[in-house]
Amino acid sequence: MSSANPYFDDIRTKPEVIDPPQDDDMMDVSESVSDPARNGGKPNVAVSSSVHELLECPVCLNAMYPPIHQCSNGHTLCSGCKPRVHNRCPTCRHELGNIRCLALEKVAASLELPCKYQTFGCVGIYPYYSKLKHESQCVYRPYNCPYAGSECTVIGDIPFLVAHLKDDHKVDMHNGSTFNHRYVKSNPQEVENATWMLTVFSCFGQYFCLHFEAFQLGMAPVYIAFLRFMGDDNEAKNYSYSLEVGGNGRKMVWQGVPRSIRDSHRKVRDSFDGLIIQRNMALFFSGGDRKELKLRVTGRIWKEQ
Ligand SMILES: [Zn+2]
Ligand SMILES: [Zn+2]
Ligand SMILES: [Zn+2]
Ligand SMILES: [Zn+2]
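So, a few notes on the structure that sits alongside this text. Model, not experiment: these values are computed from the prediction. Position numbers for residues count from 1 along each chain, tracking the sequence in the order it is written. By the order in which they are written, chains take letters starting at A while ligands take numbers starting at 1. Per-residue local features are limited, in this predicted model, to residues with pLDDT of at least 70; the limit for side-chain atom pairs, both in listing and counting, is 80 or more; totals at the level of whole chains, interfaces and linings are taken over all residues.

1. Thoughts on the sheet that holds strand β14 (residues 250-256)
Phase 1: Within the open sheet, the 4 strands sit side by side as β9-β17-β13-β14. Their pairing is antiparallel. Pairing within the sheet leaves two strands with one partner each, and these edge strands are β9 (178-185) and β14. Each strand of the sheet is rotated relative to its neighbour by a mean of 20 degrees, with strand direction disregarded.
Phase 2: Pairing between strand β13 (residues 239-247) and β14: 7 bridges, direction antiparallel. Counted as the bridge partner of G246 is K251 from β14.
Phase 3: Where helix α9 (residues 279-286) meets the sheet, it contacts β13 and β17 (293-303), and its direction lies at approximately 100 degrees from that of β17. By the convention used here, strands pair only if DSSP detects at least 2 bridges between them. Each helix is a run of DSSP H or I of at least 4 residues and each strand a run of E of at least 2, with the numbering of both proceeding from the N terminus. Think of each axis as a best-fit line through the C-alpha atoms, taken over the contacting stretch in the case of a helix, with angles from 0 to 180 degrees between the N-to-C directions. Our contact criterion uses C-beta atoms placed from the backbone: two residues qualify when those atoms are within 7 Å.

See below:
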């Protein structure tokens, strides 16, 4: 191939003079760029993946987007890393200057790549510069584990997370759309930011998480109970739920729309989108001598037409 194409010979000899260690990389470049030409400009998967590597910033390893910078020796760098390298090329240590790599930016613009959530079921192919936006909203993007009491980093689709909640967090699983749940704490003064075990409900072929936790609302210690939907927000809106808590002849009722687990439990809590019970009221509902928290929360989930 090298002798048949003097143009690529030319590209290859130049970096040898300037920067010998990069020789192998540059050969890969010329090969991959030549492939689409031979295929009549139609990119194939192998080409896309090696061009994709070219578009990887050598510092942060993220995909590069315009403006893509290069040093005078041609090493590229993303615009996010450029201010952090103190005007030195991270590859060859030469002064970086302010040179844009328009050629690579244009190559990127010509690329169409599969969504990175392909393994989760997305079959979308997107132009390079709109791929990120799609991926941030892709319905196949995995969910974070909805368990609230720990910094769990597990991600996955809903069936995977349901199994994970059951097996790894040992959460209570319930079938049906009505519930009657008791939350007990022997020392309610010790419950700032306490979370209780999550309960997962299975009904209408879907899964819902019931959260109950204590936090400070300004100066006031309160409890909040709310429901999250294991799925996307547009589907969560098809459901409603109610929660009731009471005692001593008094009752508080909340009716709401479950929030998607795309919203963190903290975000839901901090927007007060649930049944909020002042600690004094909660202890009053608990009966007895107000030393122990014993709340009975009942509720129902239904599907809106
Ligand atoms: Zn970077
Ligand atoms: Zn350089
Ligand atoms: Zn996608
Ligand atoms: Zn988890």
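What follows continues from the structure just given.
2. What to know about the pairing of strand β12 (residues 220-229)
Phase 1: In this scheme every C-beta is placed from the backbone, and a residue whose C-beta has 20 or more other C-beta atoms within 10 Å is buried, one with 12 or fewer is exposed, and one in between is partly exposed. Burial within β12 is extensive, with 7 of its 10 residues counted as buried.
Phase 2: As paired strands, strand β11 (residues 206-217) and β12 are joined by 10 bridges and run antiparallel to one another. Paired with A214 across the bridge in β12 is Y223.
Phase 3: Adjacent in sequence and paired antiparallel, β11 and β12 are bridged by 2 residues, among which G218 carries a positive phi angle near 65 degrees.
Phase 4: In this structure, β12 lies alongside strand β16 (residues 275-278), joined through 4 bridges in antiparallel fashion. Of the residues in β16, the one forming a bridge with Y223 is I277.
Phase 5: Here 2 bridges tie β12 to strand β15 (residues 259-260), and the two strands are oriented parallel to one another. Opposite R228, over in β15, you have R259 as the bridge partner.

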